[in-house]
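A structural walkthrough
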Amino acid sequence: MRQDQVAKQVTRALLVLLMATVGLASLAPSARAQDAVCAEVRLEIQQRMVITRTAFLATLQLNNGTDADYLEQVHVTLDIRDLENQPANNRFNYQTLELDGINAVDGTGILPPASSCTAAWTLIPYHEAAPTEATEYDVGGTLSYVQGDALIETNFFPVRITVLPDPILHVKYFWERDVIADDPFTDDIVEPAQPFSLGLLIHNSGAGAARNMRITSSQPQIVDNKRGLLVNFQMIGTQVNGEPVSPSLTVNFGDLGPDQTAIARFLMTSSLQGHFTQYEASYEHVTGLGDPRLSLIDSLDIYELIHCVRATS
């Protein structure tokens, strides 16, 4: 039997959903300016935020060296304690990651004769495991099983791990209100589209760094167009922390340390002029194991932006 814990990097992904309603100038069938009506369409943009964080891998190897006896009711209990020997399981999310050679380790597991198995768990710390500084824990546990008529129990030798603080991210989007593009009231002139901005500001108020953070955006999708208006929107590039605009749809922030702020812009165009009137933003933990406590985002807000300017001093 062997048990160990090693630190590893895991990728946590969040799906951010942005929605906005834009009123666009359009022409009635008579094609006269006085017959103009305002049509509304609703846009949706999906963005995927990926952050790398530290987790721990615990593995157990069990060998049944007998030729006749099954090991039944195999049960593994992890026991995490702080340096004062107080229980600390509630500061971690831990789930069975992999089973090889055995069906379960929850008290229903069966290991056939002359065989071996491996079980692995991923331990992901919650914020309170290391709120302000690196904190050490001892990870051990108990293995029990029935062999013949005998109940056998054995304790694991504790292994010490060091948990680093998490980042705590506050995400703010700024959606530019006015869209400058073709005016359908001018029959003989096609006004050029001017890019407008979807701004993004991320502040890390936590004591740990958000590592390898990047956001990949989809193209805008029209999800509501009751008047059937012939209009399209396109994302044409991105900008990170004032660097030159890139045609990529991915912004790569790298590492965002404690009390640091990152800024990005997603540049879009529309085929018709108009202005945005409503905004919504939400997010979902794609790989959060169904546990909202694992989220590194503390808040998500969206605001109306009049115009994007750059302050040089």
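Residues numbered from 1 in each chain as written. Predicted model: local features only at pLDDT ≥ 70, side-chain atom pairs only at ≥ 80, totals over all residues. Heavy atoms only, no water.

Evaluation of the coordinates by the stated rule reveals 6 aromatic pairs. Both rings, one in F174 and one in Y303, keep their centres 5.4 Å apart while their planes meet at 20 degrees; by these two values the pair is stacked. With a gap of 129 residues between them, F174 in strand β10 (residues 169–176) and Y303 in strand β19 (residues 297–305) connect regions that are remote in the sequence. According to the relative accessible area criterion, F174 is partly exposed, its value standing at 25%. Between W175 and Y279 the ring centres are 6.3 Å apart and the planes differ by 45 degrees, which places this aromatic pair in the tilted class. Pair noted here: W175 is in strand β10 and Y279 is in strand β18 (residues 274–285), with a separation of 104 residues, a long-range link. The same class applies to W175 as to Y279, namely buried. By the ring-pair criterion, three or more aromatic residues cluster together here, those being W175, F196, F233, F276 and Y279. The cationic tip of R293 hangs over the ring face of Y126; the distance from NZ or CZ to the ring centre is 3.7 Å. (Phe/Tyr/Trp six-rings, centres within 6.5 Å; stacked < 30°, edge-to-face > 60°. Helix = DSSP H or I, 4+ residues; strand = E, 2+ residues; numbered from the N terminus. Buried < 20%, exposed > 50% of the residue type's maximum accessible area, 1.4 Å probe, protein only. Lys NZ or Arg CZ within 6 Å of the ring centre and 35° of its normal.)

Right, let's get into the nonpolar core. Among the nonpolar cores identified, the biggest contains 41 residues, and Y173, W175, L200, I202, F253 and F276 are the most heavily contacted of them. When residues in this core are grouped by element, the largest group, 6 residues, is from strand β2 (residues 37–64). If you look at the next biggest cluster of nonpolar residues, it comprises 27 residues, including L60, V76, V105 and Y137. (Core = buried A, V, L, I, M, F, W, Y, C linked by side-chain atoms within 4.5 Å.)

Turning to the sheet that holds strand β15 (residues 233–240), a few remarks are in order. Either a parallel or an antiparallel arrangement is found when strands of a sheet pair, and the pairing is made through backbone hydrogen bonds. Pairing within the open sheet is mixed, and its 5 strands lie in the order β15-β17-β12-β10-β19. On the outer flanks of this sheet lie β15 and β19, each paired with one strand and no other. With strand direction ignored, the average angle separating the axes of adjacent strands in the sheet is 20 degrees. One ladder, built from 8 bridges, connects strand β12 (residues 196–204) with strand β17 (residues 261–270); its direction is antiparallel. The residue bridging F196 from the neighbouring strand is M268, located in β17. (Pairing = 2+ DSSP bridges. Axes fitted to C-alpha atoms, helices over the stretch in contact; angles between N-to-C directions.)

On to the pairing of strand β6 (residues 115–125), then. On a regular strand, one side chain projects to one face of the sheet and the next to the other, so that they alternate. Extensive coverage of β6 is indicated by the burial of 9 of its 11 residues. Pairing of strand β4 (residues 92–100) with β6 involves 8 bridges; the strand directions are antiparallel. The residue of β6 that forms the bridge with E98 is A120.

Spatial relationships are all this shows, so hold off on functional conclusions.
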